[in-house]
Protein chains: 2
Amino acid sequence: MAQSAAALIIGNEILSGKTQEKNLNFLGQELFALGIALKRAIICPDDIEVIVADLNDLRKNYDWVFTSGGVGPTHDDLTMTAIARAFECRLVRSPEIERLLREHYKSRITDSHLRMADIPEGARLLSNTEMRLPTVAMKNVFIFPGIPELFRLEFQVLRQHLRQTTSFKTSSIFLQADEGEIAALMSEIALQHPEVAIGSYPEWNNPEYRVKVTVDGQGAVAVNQAIQALLNALPADKVVRVED
Amino acid sequence: MAQSAAALIIGNEILSGKTQEKNLNFLGQELFALGIALKRAIICPDDIEVIVADLNDLRKNYDWVFTSGGVGPTHDDLTMTAIARAFECRLVRSPEIERLLREHYKSRITDSHLRMADIPEGARLLSNTEMRLPTVAMKNVFIFPGIPELFRLEFQVLRQHLRQTTSFKTSSIFLQADEGEIAALMSEIALQHPEVAIGSYPEWNNPEYRVKVTVDGQGAVAVNQAIQALLNALPADKVVRVED
């Protein structure tokens, strides 16, 4: 059984459309490669009551929770306070983060900068030799910055913490066919292969293919069997290519 | 008081990172321009129990709900069934949509195609002269296809249904400053101007500015007053430009 994960993306700017959200797709791909199923993502405003309620819901229902955003030095950066409230603990100043901040900002450092060293009591700092900026983890919650470049940098460290022994396999069949023509036979094969997930995704303006059928599962055997069953059933002249 | 909205983005492919989500940013911008506050977005898998629970939660707590995805002809297209279940009504075949589908697919039409004409009993079809493909609305829920091109086409029709008398105003100040240097004075001004929302967004690799401070509100007067208060308080040599 794959481990499950959820994401909580925090920020008014995503909901108002001012900022394009850029971390979810990356997170989904990375977790998929690690064999962890991202099952839910919530985008919520900078509202502490909402963040606390969402955190408590997600951390109890999923193996891992990833937050993105709300960890800067300003008044709308509420994530650490919300995590502390959700876990009913205090915020404490991390000497290690304080030292890194003082090294970085030197004489320009302000009290606002130092707020970024305040973390929930009992939180762990994850880092490695290449990556000095630590990722803060509180029990099963990993706290990431919203800035896409930092999110990706910090995720490097996390990969080694999350790597699983089994991972997902995915294969795709690209077709010059309409979804409606193949829907019935796909349903039938989906019923015969309950151990894999079969999805179909139409393309609107792609000259190469009109629909991509994907098969996801744990372990290559089940995925390959379902792909073969689909290829046997689909009209051969509609198949553009198969991708492993 | 602005009307509120929530989005429910449906699809395993978004969560696994196979597909980049492309409708939320567009929806957020369009609603903002209409004076409607998008307060929450959920990305959920193609799981009927989850979709029904999310729909029931969102439709009761927000003025408008927008769904994206899950309206095609295949076995993993569950949105209409979920809407019917959430509203405790039957799915019925829409003669108008059936006619459009038959005109489009002609002799190639299949039972799977025709599933796309099944809508919750009591749903409304919104269309206009330029747009023949109708948008399906069930009470306060608008049901959109996930394909970005279709989502945008169908939204054209909706705009006239949603246009408000008041709309949001947003202004921005671009700064060559670190967030930490300005955090304390921004907090103070945010407290003095509770009728607007002040946000600050750092840029990582932008040569022009390092942080954008935004002020959002209903009505230009309140927004302009807060912008003026910020400009009075911020170090003038750090201000790159102001955008209305």
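The structure we're discussing is the one just above.
A brief structural summary. Numbering of residues begins from 1 in every chain and follows the order in which that chain's sequence is written. Key to labels: chains lettered from A, ligands numbered from 1, both in the order written. Only residues with pLDDT of at least 70 are given local features in this predicted model, and only at 80 or more are side-chain atom pairs given and counted; all residues enter the totals for whole chains, interfaces and linings. In computing side-chain properties, one takes all heavy atoms of the structure into account and sets aside hydrogens as well as water.

### Observations regarding the environment of F155(B)
All names here are of chain B. Its location among the elements puts F155 in helix α7 (residues 148–162). Exposure is judged per residue with a 1.4 Å probe applied to protein chains only, and the accessible area is read against the type maximum: over 50% gives exposed, under 20% gives buried, and values in between give partly exposed. Since its relative accessible area comes to 0%, F155 is described here as buried. Once the C-alpha coordinates of F155 and T81 are considered, the two residues, 74 residues apart in sequence, prove to be 22 Å apart. A run of H or I in DSSP counts as a helix once it spans at least four residues, and a run of E counts as a strand once it spans at least two, with each numbered from the N terminus.

### Some details on the environment of L230(B)
Residues and elements named next belong to chain B. Within the fold, L230 resides in helix α9 (residues 220–233). For the pair formed by L230 and A53, sequence separation is 177 residues and the distance between their alpha carbons is 43 Å. Once residues lying within four places of it in the same chain are set aside, the contact partners of L230 are I173, M186, I189, I198, V213 and V215. In this analysis, two residues are considered to be in contact whenever any of their non-hydrogen atoms come within 4.5 Å of each other.

### Considering the relation of the copies chain A and chain B
Superposition of the two copies of the chain requires a rotation about an axis and a shift along the axis. Relative to chain B, chain A is turned by 180° and slid 0.0 Å along the rotation axis, the superposed coordinates differing by an RMSD of 0.0 Å. Both copies are brought into coincidence by an operation consistent with a two-fold rotation axis. Measuring from the rotation axis to each C-alpha of chain A, the shortest distance belongs to I42(A), at 2.3 Å. The residues that chain A uses at the interface reappear at the interface of chain B in 100% of cases, marking a shared surface. Each copy is superposed on the other by least squares, with the fit set by C-alpha atoms of residues at a pLDDT of at least 70 in both.

### Some details on unusual backbone geometry
Glycine aside, a negative phi is what most residues show, and trans is what most peptide bonds show. Even without a glycine there, the phi angle at E88(A) is positive, about 50°. Along the polypeptide, E88(A) turns up in the loop between α4 (79–86) and β4 (91–93). By relative accessible area, which is 74% here, E88(A) ends up exposed. In the Ramachandran plot, K139(B) falls in the positive-phi region, its phi being about 45° despite a non-glycine side chain. Along the polypeptide, K139(B) turns up in the loop between β7 (135–138) and β8 (141–144). Taking relative accessible area as the criterion, K139(B) reaches 56% and is therefore assigned exposed.

### Structural notes on the sheet that holds strand β9 (residues 168–175) of chain A
All names here are of chain A. Read from one edge to the other, the open sheet built from four strands follows the order β10-β11-β9-β12, with strand pairing classed as antiparallel. Two strands close off the open sheet at either side, each with one partner strand: β10 (197–202) and β12 (239–243). On average, each strand axis in the sheet is tilted by 20° relative to the strand beside it, whichever way the strands run. Strand direction decides the pairing type here: β9 and strand β11 (residues 211–218), joined by eight bridges, are antiparallel. Note on β11: the bridge partner recorded for S171 is V215. At least two bridges found by DSSP between two strands is the condition for calling them paired. Axes here mean lines fitted to C-alpha atoms, for a helix over just the part in contact, with angles spanning 0 to 180 degrees between N-to-C directions.

### Notes on the side chain of N56(A)
All names here are of chain A. Within the secondary structure, N56 sits in helix α3 (residues 48–61). Its relative accessible area of 19% is what places N56 among the buried residues. For N56, the side chain forms a polar contact with the side chain of R59, separated by 2.8 Å. Any N or O atom pair separated by 3.5 Å or less is treated as a polar contact, with the protein-specific requirement of one donor-capable and one acceptor-capable atom, and with residues adjacent in sequence counted only for side-chain atom pairs.

### Details of empty space enclosed by the protein
Both cavities and pockets are sets of points on a 1 Å grid over the protein atoms alone; in a cavity a 1.4 Å probe fits but cannot get out, in a pocket the set is open with protein on both sides within 12 Å along at least five of seven lines, and lining residues sit with an atom within 4 Å of a point. Grid points are joined across faces, edges and corners, and a volume is the space filled by probe spheres set on the points. With the rule as written, the count across this model stands at one cavity of 30 Å³ or more. The computed volume of the largest cavity comes to approximately 120 Å³. Along its surface, the largest cavity is lined by 14 residues, and Q20(A), E21(A), Q20(B), E21(B) and L24(B) are the ones closest to its centre. At the level of elements, α2 (24–34) of chain A together with α2 (24–34) of chain B are the ones that each hand at least two residues to the lining of the largest cavity.

### Focus on the interface of chain A and chain B
Contact residues are listed per partner, giving 56 residues for chain A and 56 residues for chain B. Where chain A abuts chain B, roughly 4500 Å² becomes buried across the two surfaces, and 54% of that area is made up of carbon and sulfur atoms. When two parts are brought into contact, each loses some accessible area as probed by a 1.4 Å sphere; the total of that loss over both is the buried area. Considering only the side of chain A, the residues that lose the most area to chain B are K18(A), H75(A) and W204(A), jointly responsible for 14% of the buried surface there. Every case where a carboxyl oxygen of Asp or Glu lies within 4 Å of a side-chain nitrogen of Lys or Arg is listed as a salt bridge. Summed over the shared surface of chain A and chain B, the number is four salt bridges. The biggest single contributor to the side of chain A that touches chain B is helix α8 (residues 179–192) of chain A, with eight residues. Side-chain classes follow a simple rule in which Ala, Val, Leu, Ile, Met, Phe, Trp, Tyr, Cys and Pro form the nonpolar group, Asp, Glu, Lys and Arg form the charged group, and the remainder, Gly included, forms the polar group. Its residues assigned to classes, the side of chain A that touches chain B shows 22 nonpolar, 21 polar and 13 charged. The sheet contact formed by strand β2 (residues 36–44) of chain A and strand β2 (residues 36–44) of chain B spans three bridges and is antiparallel. Of the residues in β2(B), the one forming a bridge with I42(A) is I42(B).

### Quick notes on α7(B)
Residue and element names in this part refer to chain B. By definition here, a helix of n residues has an expected span of 1.5 Å times n minus one. Given a rise of 1.5 Å per residue, 15 residues ought to cover 21 Å, and the 20 Å separating the end C-alpha atoms of α7 matches this to within 8%. For α7, the principal kink sits at Q156 and spans about 35°. Of the residues making up α7, those classed as buried are L150, F151, E154, F155, V157, L158 and L162. Among the structural elements, α2, β2, β3 (64–68), β6 (124–126), β7 and β8 are those in contact with the buried residues of α7. What is called the bend at a residue is the angle between a pair of axes, fitted to the seven residues leading up to and ending at it and to the seven starting from it.

### Observations concerning the pattern of salt bridges
Here the structure, examined in full by the defined rule, presents 26 salt bridges over all chains. The closest approach of N and O atoms between R40(A) and D54(B), which form a salt bridge, is 2.5 Å. You can see R40(A) sitting in strand β2 and its partner D54(B) sitting in helix α3 (residues 48–61), one on each of two chains. Note on D54(B): relative accessible area 6%, which makes it buried. R90(B) is paired through a salt bridge with E121(B); the nearest N and O atoms lie 3.1 Å apart. Separated by 31 residues along the polypeptide, R90(B) in the loop between α4 (79–86) and β4 (91–93) and E121(B) in the loop between β5 (118–120) and β6 bring together distant segments of the chain.

### A short note on the side chain of D77(A)
Residues and elements named next belong to chain A. Of note, D77 is situated in the loop between β3 (64–68) and α4. When charges are counted, Lys and Arg are positive and Asp and Glu negative, with His and the chain ends excluded. R115 is the oppositely charged side chain nearest to the buried, salt-bridge-free D77, at an N-O distance of 5.7 Å. Reaching out from D77, the side chain makes a polar contact with the side chain of T74 at a distance of 2.9 Å. When neighbours within four sequence positions are excluded, D77 is seen to be in contact with G70, V71, G72 and R115.

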